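Fold and contact review
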Amino acid sequence: MREEEIAAGLSAVRERIAAACAAARRDPAEVTLVVVTKTYPASDVQVLAHLGVTDVGENRDQEAAPKAAAAQALGAQVRWHFVGQLQRNKCRSVVEYADVVHSVDGVRLARALGGAAERHRERPLDVLVQVSIDGDPARGGAVVGSTVDPDRDFDRVAVTIAEASRLRLAGVMAVAPLHWAAEAAFERLGEVSARLRAAHPEATAVSAGMSADLEPAIAHGATHVRIGSAVLGTRPKLR
Ligand SMILES: *Cc1c(COP(=O)(O)O)cnc(C)c1O
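Keep in mind it's a predicted model, so treat the numbers as computed, not measured.

Let's shift gears to the site of the ligand. The environment of the ligand is made up of V36, K38, N59, V83, M210, S211, R226, I227, G228, S229 and R235. K38 places a polar side-chain atom, nitrogen or oxygen, 2.7 Å from an oxygen atom of the ligand. Within the side chain of S211, one N or O atom sits 2.6 Å away from an oxygen atom of the ligand. Protein coverage of the free-state accessible area of the ligand, which is 390 Å², stands at 88%. Here the ligand occupies the largest pocket. Residues belonging to the shell around the ligand are distributed by class as follows: 4 nonpolar, 4 polar and 3 charged.

Counted under the stated rule, the structure contains 14 salt bridges. Where R16 meets E215, a salt bridge forms, and the shortest distance between an N and an O atom there is 2.8 Å. Highlighted residues: R16 in helix α1 (residues 2-23) and E215 in helix α8 (residues 214-219), separated in sequence by 199 residues. R16 gets classed as partly exposed once you look at its relative accessible area, which sits at 25%. The closest approach of N and O atoms between R195 and D155, which form a salt bridge, is 2.6 Å. You can see R195 sitting in helix α7 (residues 182-199) and its partner D155 sitting in helix α6 (residues 154-163), a full 40 residues away along the chain. What you see here is one network of salt bridges that share partners, running through E58, R60, E63 and K67.

On to α7, then. In this model, α7 (18 residues) spans 26 Å end to end at C-alpha, consistent with the 26 Å of a helix rising 1.5 Å per residue. Turning to α7, its buried residues are A182, A185, F186, L189, V192, S193 and L196. In a view along the axis of α7, the buried residues occupy a sector of 110 degrees, so they form one face of it.

A few words on the packing of helix α5 (residues 107-120) against α6. The geometry of α5 relative to α6 is characterised by a closest axis approach of 9 Å and an angle of 10 degrees between their N-to-C directions. If you check the angle between α5 and α6, you find them roughly parallel. Taking contact as the criterion, the partners of V107, A110 and R111 in α5 are, on α6, R156, V157, T160 and I161. Broken down by class, the residue content of the contact of α5 with α6 amounts to 4 nonpolar, 1 polar and 2 charged.

This part is about the pairing of strand β5 (residues 125-130). Of all the 6 residues making up β5, 6 are buried; the element is thus mostly covered by neighbouring parts of the structure. Burial of the side chains of β5 extends over both faces: L125, V127 and V129 are buried on one face and D126, L128 and Q130 on the other. For strand β4 (residues 100-104) and β5, the ladder comprises 3 bridges, and the chain directions are parallel. Bridging across to β5, V100 finds its partner in D126. In this region the chain leaves β4, passes through α5 and returns to the parallel neighbour β5; the handedness of that crossover is right-handed. Examined bridge by bridge, β5 and strand β6 (residues 167-173) share 6 bridges and lie parallel to one another. In the sheet register, D126 faces β6, and the bridge partner there is R168.

The space that makes up the largest pocket amounts to roughly 1,300 Å³. In terms of lining, the largest pocket is formed by 46 residues, of which the most central are V83, Q85, Q130, G140 and V175. When residues of the lining of the largest pocket are traced back to their parent elements, those giving at least two are α5 and β8 (224-227). In terms of residue class, the lining of the largest pocket is made up of 20 nonpolar, 13 polar and 13 charged. Approximately 280 Å³ is the volume found for the second largest pocket.

Criteria and thresholds
Residues numbered from 1 in each chain as written. Predicted model: local features only at pLDDT ≥ 70, side-chain atom pairs only at ≥ 80, totals over all residues. Heavy atoms only, no water. Near = heavy atom within 4 Å. Polar contact = N/O pair within 3.5 Å; in protein donor to acceptor, adjacent residues only side chain to side chain. Areas by Shrake-Rupley, 256 points an atom, 1.4 Å probe, with all protein chains shown as cover. 1 Å grid on protein atoms, 1.4 Å probe; cavity = no way out; pocket = protein on both sides within 12 Å on 5 of 7 lines; lining within 4 Å. Sits in = over half its atoms within 2 Å of the grid points. Nonpolar A, V, L, I, M, F, W, Y, C, P; charged D, E, K, R; others polar. Salt bridge = Lys/Arg side-chain N within 4 Å of Asp/Glu carboxyl O. Helix = DSSP H or I, 4+ residues; strand = E, 2+ residues; numbered from the N terminus. Buried < 20%, exposed > 50% of the residue type's maximum accessible area, 1.4 Å probe, protein only. Expected span 1.5 Å × (residues − 1). Arc of directions from axis to C-beta. Axes fitted to C-alpha atoms, helices over the stretch in contact; angles between N-to-C directions. Parallel < 35°, antiparallel > 145°, perpendicular 65-115°, else oblique. Contact = heavy atoms within 4.5 Å. Pairing = 2+ DSSP bridges. Right-handed = clockwise from strand over helix to strand, strands pointing away. Points joined across faces, edges and corners; volume = space filled by probe spheres on them.

Listed below in structure tokens is the structure:
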């Protein structure tokens, strides 16, 4: 039964989160579990909601938009987190169903999202700045102290979000680079979060940690962990 499978994955992940919080002397209530449902159907979202999951994540608008509508039609009440690379021409669609966008890493993207939110939604949209941990502009993420590409400058991205009337600057997000130890990557993200909070005290969210590395993420202050395979099963390899 799919429900039993998901329930088992979910309880294992909840135990890992509780153990990581105990080790870090943190209150588990500070850590939001976002179950990443990419490649899995809306019926799984319904099961997750039934099991008490309040937050789900998706990384592609083409998949997320119809799934959010289908899950709502099934009666699943969840908050949708957009965690993937976002193209400017998808902003209009994303602001219609997303409650939180974790992955804004450019000034032009922030402006496009702010404009779409003003035109197509009433409530403010929570937005996190995606951070490039290794400063390599070839991959996703805004660069702290960037000089190469002003569009990707972390401070400028943050200010652009903060100044948009229908966006709420909520914090930072990162994916640990492959060639970095997760510990070092999340320690670095913690430093970037402190830098952001110095200028924007309300931007407290730290989105870090996936199935393989949620423990070091929680040790370094994650407030949101984004967990897919450990709850829902191993996804088929993409191409
Ligand atoms: C898929 C995905 C996750 C979840 O990954 P798992 O390893 O399955 O837990 C987290 N964050 C982002 C940005 C993702 O695309």
